[in-house]
Every structure is written in C-alpha cells, then in structure tokens.
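Residue-level structure breakdown
Here is what each chain is made of, one letter per residue.
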2 protein chains.
Amino acid sequence: MDVEEGFNLIKRNTQEIITEQELKQLLEQKKHPKGYIGLATTGKIHIGYFIPIIKVGDFLNAGFKFTILLADIHAHLDDQKAPFELLDYRVKYYKEVISAMIGALGIDTKNLEFKRGSDFQLDKNYTLDMYRLAALNTFDRCKRAAAGVVRFGENSKLSGFIYPILQALDEQYMDMDVQYGGIDQRKILAFARENLPKLGYKARVEVMTPMLPGLQGAKMSASEEKSKIDLLDSSETVKSKINSAHCPIAVEDNGVLAFLKYVIFVNKKDKNKELTIKRAEKFGGSITYNSYEELEKDYLNKKLHPMDLKNTVAEEVNNLLEPIRRKIKEKEDLVEKAFPGN
Amino acid sequence: MDVEEGFNLIKRNTQEIITEQELKQLLEQKKHPKGYIGLATTGKIHIGYFIPIIKVGDFLNAGFKFTILLADIHAHLDDQKAPFELLDYRVKYYKEVISAMIGALGIDTKNLEFKRGSDFQLDKNYTLDMYRLAALNTFDRCKRAAAGVVRFGENSKLSGFIYPILQALDEQYMDMDVQYGGIDQRKILAFARENLPKLGYKARVEVMTPMLPGLQGAKMSASEEKSKIDLLDSSETVKSKINSAHCPIAVEDNGVLAFLKYVIFVNKKDKNKELTIKRAEKFGGSITYNSYEELEKDYLNKKLHPMDLKNTVAEEVNNLLEPIRRKIKEKEDLVEKAFPGN
C-alpha cells in the first residue's frame with residue numbers, strides 16, 4: 001500500500017487528525033509506524049467498540065504495528081470504575097472480548113499486540129515524569145483535559161485529574177508515533193500534544209473517530225443499558241433494542257444509521273460485499289446497496305422505512321455478534337468474575 | 001531511660017500528639033521504635049529548623065531509631081519549589097546543613113539515618129498505592145489536607161494536591177511507628193491517620209511541635225528574608241536581624257522568646273548549663289536563669305529590657321551557628337549549586 005492509500009485508509013471515517021501533515025510525513029518516513037489505542041478496562045463492552053476496532057484494522061492494513069493498551073490503572077483512576085480487586089479480571093475480559101471482535105471482523109493480527117497499562121505505568125521514570133507534569137500543570141488545566149472522559153461531580157476524586165497525565169506519558173513510554181482514540185478523548189490528546197514537549201519529548205500524531213450515538217440518542221454508554229447493545233446480548237435482546245431505537249429521518253442522533261455507516265458498510269466494503277435490505281414485494285421488494293451514501297439518501301428521502309432498516313441492522317449486528325457470543329460463552333465464568341452479580 | 005521518662009522527653013515542648021496513649025503503648029512494646037521527620041528540600045534552611053532537630057535528639061535519647069527523610073519529590077510537588085534539575089544539589093545541601101546542625105547541638109547520631117524520598121517513593125507498590133488513595137479521596141479532601149503546607153493560589157498546580165498522599169504512604173513504606181513534624185503539618189498527618197487504614201495499613205502515631213514565630217511575627221518562613229535567620233547568615237547579619245526583630249512584651253508572635261524557649265534553654269538544660277544575660281551594673285547587673293519560665297516571667301514583668309534579651313539571643317544564636325558556618329564554608333560551591341545566583 002503506498003503512502004497516499006495508507007493515509008486515506010487511516011483517514012477514512014475519522015473526525016479529526018492532529019495533524020494530517022504529520023501523519024503523511026510519518027507514513028513517508030516509516031514503513032511500520034507504531035500506533036495504539038488505550039481502552040480503560042471499565043464497563044462491559046458494547047457495539048460502539050466496533051468503530052475503534054475497525055479503525056485498528058485500518059491502521060494494521062496501512063502498515064502500522066499496533067498496540068491495544070488495556071488501561072487498567074486508568075480504569076481505576078476514573079472514579080474507581082474498575083474496583084482494584086477486579087482489575088485482573090477486567091483486563092482478561094477486555095482482552096478476550098476485543099480479540100473475539102477482531103476475529104469476527106477478520107482482522108489480520110500479525111502486527112497487533114495487547115499491552116497492560118500497569119506493566120509499564122509503574123516504572124520509576126514514568127512515575128517521576130508523572131509528578132513532573134503534575135507540577136507543571138494547574139489543577140484547572142488537568143480538569144479541562146479530563147472533562148470529556150472522566151465524569152466530575154461535586155465530590156470528584158483526585159485521581160480523575162491525574163488521568164490525562166498518564167495518557168500523555170503512555171505515548172512516550174510505549175514509544176508510539178500515533179495515538180488513536182474516540183473524539184471524546186480530544187482534550188486529553190491535545191493535552192498530550194501540549195505536554196510531552198515540556199519534558200523534551202516529541203508531540204505525537206493524534207487520530208480521532210466519532211462516537212457511536214446511543215440507541216436513544218447521545219453517545220452509546222456502558223452505563224446506560226437502553227442506549228447500548230452489549231456484545232454478549234442475546235439475539236432476541238438485540239432485535240428488541242434495535243426495534244425500539246430512536247431512528248429519526250435524520251443523520252444526527254441516529255445510532256442505527258451511524259452503525260451502518262461506520263461498521264456495517266465498512267466491513268462489507270472491505271470484504272467486497274454489498275448490503276441487501278429484505279423487503280416484501282408489496283413494499284417495493286428487496287433492495288441492495290453498495291455504499292452507505294446511497295442508503296442514507298434513500299432513507300432521508302423516505303424510500304426506506306425505519307422498520308426495514310432496523311430489521312436489517314438487527315440481523316447484521318447479530319451476524320457480527322454470533323461468533324463473539326460463542327467464543328465468550330466458553331469463558332462464562334470470566335464475565336461473572338469481571339462483573340460479579342451483574 | 002524508662003517508658004515514662006522517654007514519653008516525657010518526646011512530649012517536651014510538643015504542641016500535639018495523636019495519640020499520647022498510642023505513643024505510650026509503643027514505648028512499652030518496643031525498645032527501639034522507628035520514627036522520622038520529612039523535610040521537603042525546598043528553600044534555604046533557617047534557624048526555625050533547630051526546633052525539629054532538637055526534637056530529633058529527644059527521639060534518639062528516648063531510644064528511637066530515627067530517620068530524616070530528605071523529601072525531594074515533595075519539594076518538587078510543592079509548586080516546583082525545588083526545580084527538577086536542582087534536586088540532587090538541594091538534597092546534598094539539606095544533608096550537609098542538617099548534619100552540621102546536629103553536630104552543633106552535640107546529638108549522638110548512632111541511631112540516626114538520612115533517607116532520600118525518591119529512593120523509595122518511585123517503587124511500583126508505592127505508586128500503585130498512591131493511585132489507589134487518589135481514587136479514594138476527593139480533590140477537596142486532598143486540598144484540605146495540604147492547605148497548611150502547600151500554598152494554593154488561583155493557579156494551583158495539580159501536584160500540590162497529590163502531596164499529602166505521598167506523605168501518608170511514607171509512613172508505611174519506611175515502616176515507621178511515628179511521624180514527627182511541625183504543627184503546620186497537622187492536617188497532612190491527620191490525613192495519613194485517616195487513609196492508611198483504608199489500604200489495610202495501620203495508622204501511625206503523629207507528633208507535632210510548634211513553629212518558630214518569624215522575627216517580624218507570623219511563622220518563620222524561608223521565603224521572607226526579614227522574618228528569618230538563615231543558618232549561614234553572618235554574625236553581623238544575625239545581630240542586626242535580631243536587633244530589629246518584633247519582640248513585644250508578650251509571648252505571642254515573639255520569635256525571640258520562642259527561640260529562647262524551644263532552642264536555647266532546651267540545649268542549655270540538656271548540657272546542664274544556665275543562661276546569663278549580661279547587663280551593665282547601672283541597669284541591674286548580669287542575671288542568670290536556669291529555666292525559660294523564670295526568664296519569661298521577668299520579661300513579661302518588664303524586669304528585662306528587650307535590648308538585653310536581643311543581645312543575649314544574638315550571641316547565643318551566633319554561638320550555635322559558628323560551627324555550622326565553618327563546616328558549610330568548606331562546601332561553599334554546594335550552596336551556590338543548590339541555589340544558583342542566590
């Protein structure tokens with residue numbers, strides 16, 4: 001794949017790249033640049049994670065060596081979303097489920113590795129740099145950086161304000177060229193760009209993709225059951241949740257269209273497949289799309305009924321989830337251990 | 001020394017002990033308990049430090065194994081009062097000057113050791129516990145704990161809020177029975193008492209002595225030149241600073257009386273000496289005191305003139321400082337390296 005192709009593949013469906021020029025230069029200079037995404041091992045994984053996992057595939061196909069960071073310390077820093085004594089199980093759960101997703105998408109994992117945050121984030125030099133950045137940044141600056149990711153209430157824990165500092169240092173201590181994350185990470189990634197040079201380290205390229213909207217609008221969130229589809233939801237639950245999803249004749253706040261755009265059509269395209277919407281003859285018969293754009297146009301022009309769309313998406317989601325469910329079912333006690341009584 | 005004697009010696013001139021009962025139990029259970037004081041290696045050392053160094057002597061005489069922690073990371077966390085690249089020199093400076101003070105007071109150092117904060121505060125388990133406590137404590141709680149020591153302005157650095165957490169963990173990771181500090185540390189020491197048990201560690205005994213008032217009232221502070229006498233001030237500077245000191249006919253806010261009480265008389269008493277105030281015959285002639293209490297009484301009753309007091313204190317201070325000046329003079333470049341251009 002040449003530089004231009006690689007660049008376009010990485011850029012596909014992104015919301016922001018800081019900066020595009022630096023990314024191009026990187027691709028010109030290195031055959032196998034290093035990139036990573038950090039996943040805080042907090043709640044259960046939902047289908048919103050398909051967007052980043054597909055993008056990880058893009059990075060790999062563009063020649064990257066890619067790391068999925070299982071950020072266990074981050075998970076605990078975020079208001080103890082992962083209780084300390086469950087961290088081992090949460091990390092295992094994330095690794096198993098993400099691996100199953102990667103398998104379901106057919107991503108080549110030759111240049112992919114998993115890394116656990118606490119395996120290097122407790123090293124002396126890392127910690128010393130953490131304290132140095134804490135002494136260089138005001139409380140307010142750290143709060144602003146974390147605000148998109150860590151939820152601050154009246155009784156915010158101190159740890160949430162330290163969170164962005166670790167994320168900046170991860171880029172340096174894993175020797176990365178690129179950090180990739182959801183657009184919710186934007187302020188943390190900007191903080192990293194601003195802060196690494198203060199310690200004499202180079203600023204990295206930051207790549208961001210949009211968040212999958214929740215089924216009831218806003219962003220899909222692990223903490224709101226009705227907004228999300230858990231990767232291990234049953235086939236029936238998937239159907240019922242998508243059936244009752246908010247699916248306006250508009251692109252905004254439409255989790256069903258977004259999943260079609262960012263996941264289903266990308267996956268189809270990469271496998272040279274098309275999407276067929278099955279429809280009774282009396283409603284116009286089945287219809288086949290080669291691109292999301294055609295489908296979106298028809299939907300906005302009311303040539304496609306929301307129920308036709310929902311039925312198709314439910315079926316596609318279940319096709320994606322089926323092998324994942326099977327794989328994780330073999331490790332059922334892991335889910336119970338990672339999320340006891342849940 | 002029996003338990004009662006040891007207890008009384010440690011209690012002498014303290015302002016608060018949390019708790020006295022626990023301290024007594026400790027002395028009953030252990031022949032050589034472990035205690036420490038942490039000194040953040042920030043500014044130049046002033047004569048206010050004689051209070052803690054004398055108390056260190058008390059701990060040693062009561063049978064303690066005692067550690068002086070040269071808290072370099074703390075120094076940097078406190079709004080970078082010690083710039084990162086000067087930490088090595090600041091630590092050396094503190095060690096040399098404190099050692100010279102100990103020598104000047106004639107303290108037996110058999111059971112005394114120095115330790116540097118960064119030598120153990122960057123260990124993995126320490127750091128992990130730091131993150132755990134940061135996730136257990138609200139930002140407000142940490143702020144309240146640090147407020148007596150770290151100065152928080154509008155642009156407070158994040159590091160100042162982490163500061164109390166390290167100080168709590170120091171007790172555990174140096175395996176101490178007692179932490180000793182100035183009364184300005186009170187809220188940090190209370191934070192330590194409250195927090196170590198949350199991680200399953202035992203709460204330690206906390207011992208506090210008063211702060212030496214500054215020569216112009218308030219507490220003696222490294223950052224206010226006129227309020228303090230630097231250990232390396234010349235004999236003439238000492239005389240002139242004490243001559244112009246605020247020395248009301250009252251105990252409160254009186255740095256001259258306080259130095260007599262907490263340093264000069266303690267040192268005299270431990271060496272079985274008395275204090276003579278030299279005075280011309282026409283003003284009543286010289287007068288000798290065996291205890292601070294007698295002197296204070298005469299001063300408050302105006303039987304002693306402020307100038308007589310000041311002259312005597314200036315002479316006593318110079319007697320204490322002379323050997324320290326000589327010792328540090330041999331290492332003059334160290335002061336210049338630790339405080340360049342100062």
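Residues numbered from 1 in each chain as written. Chains lettered and ligands numbered in written order. Predicted model: local features only at pLDDT ≥ 70, side-chain atom pairs only at ≥ 80, totals over all residues.

Okay, the overall build of chain A next. In terms of regular secondary structure, chain A is built from 14 helices and 8 strands. Taken over the C-alpha trace, chain A has a radius of gyration of 20 Å; the compact-globule value for 342 residues is 20 Å, and the two agree within 12%. The C-alpha extent of chain A, read off along each of the three principal axes, is 70 × 50 × 35 Å. When burial is assessed residue by residue, chain A has 46% of its 342 residues classed as buried. Within chain A, contacts between residues at least 6 apart in sequence are counted, and of these 74% link residues at least 24 apart. (Helix = DSSP H or I, 4+ residues; strand = E, 2+ residues; numbered from the N terminus. Rg over C-alpha atoms; globule rule 2.2 N^0.38 Å. Buried ≥ 20, exposed ≤ 12 C-beta atoms within 10 Å, placed from the backbone. Contact = placed C-beta atoms within 7 Å.)

Here we take up the sheet that holds strand E2 (residues 34–40) of chain A. Residues and elements named next belong to chain A. Here 6 strands make up an open sheet; going across it, the order is E1-E6-E5-E2-E3-E4 and the pairing mixed. Strand pairing shows two members of the sheet lacking a second neighbour, strand E1 (16–18) and strand E4 (112–116), which therefore form its edges. Averaged over all pairs of adjacent strands, the angle between strand axes in this sheet comes to 20°, irrespective of strand direction. Of the strand pairs in this sheet, E2 and strand E5 (residues 178–182) are connected by 2 bridges, and their pairing is parallel. Paired with Tyr 36 across the strands is Gln 179, a residue of E5. (Pairing = 2+ DSSP bridges. Axes fitted to C-alpha atoms, helices over the stretch in contact; angles between N-to-C directions.)

Turning to the relation of the copies chain A and chain B, a few remarks are in order. Least-squares fitting of chain A to chain B yields an RMSD of 0.0 Å, with the superposition described by an axial translation of 0.1 Å and a rotation of 180°. Given the turn and translation reported, the copies of this chain are related as if by a two-fold rotation axis. Interface residue correspondence from chain A to chain B reaches 100%, placing this contact among same-surface, isologous pairings. (Least-squares fit on C-alpha atoms with pLDDT ≥ 70 in both.)

Before going further, it helps to spend a moment on the interface of chain A and chain B. Listed as interface residues are 24 residues of chain A and, on the opposing side, 24 residues of chain B. Elements supplying a minimum of two residues to the side of chain A that touches chain B: helix H4 (72–77), helix H6 (124–136), helix H7 (139–146) and helix H8 (159–173) of chain A. When residues of the side of chain A that touches chain B are assigned to their parent elements, the largest contribution, 7 residues, is made by H6 of chain A. Residue composition of the side of chain A that touches chain B, grouped by class: 13 nonpolar, 8 polar and 3 charged. (Nonpolar A, V, L, I, M, F, W, Y, C, P; charged D, E, K, R; others polar.)

Extensive coverage of E2 of chain A is indicated by the burial of 6 of its 7 residues. Crossover connection from E2 of chain A via helix H3 (residues 50–61) of chain A to parallel strand E3 (residues 65–71) of chain A: handedness right-handed. (Right-handed = clockwise from strand over helix to strand, strands pointing away.)

Further remarks concern unusual backbone geometry. In this chain, Ile 18 of chain A is followed by Thr 19 of chain A through a cis amide linkage whose omega measures -10°. With respect to the helices and strands, Thr 19 of chain A occurs in the loop between E1 and helix H2 (20–29). The backbone phi angle of Asp 175 of chain A is positive, close to 55°, even though this residue is not glycine. In this structure, Asp 175 of chain A sits in the loop between H8 and E5. You can call Asp 175 of chain A exposed: it has 9 C-beta atoms within 10 Å. Unlike most non-glycine residues, Gln 80 of chain B shows phi in positive territory, near 55°. Tracing the chain through its elements places Gln 80 of chain B in the loop between helix H4 (72–77) and helix H5 (87–105).

Confidence along chain A averages 94 in pLDDT terms, with 100% of residues attaining 70 or more. Predicted complex, confidence summary: ipTM 0.94, pTM 0.94. (pLDDT = per-residue confidence, 0-100.)

All names here are of chain B. By the criterion of burial, strand E5 (residues 178–182) is predominantly enclosed, with 5 of the 5 residues buried. In terms of strand pairing, E5 meets strand E6 (residues 205–209) through 5 bridges, oriented parallel. Paired with Gln 179 across the bridge in E6 is Glu 206. Between the parallel elements E5 and E6, the chain passes through helix H9 (residues 186–195) in a crossover that is right-handed.

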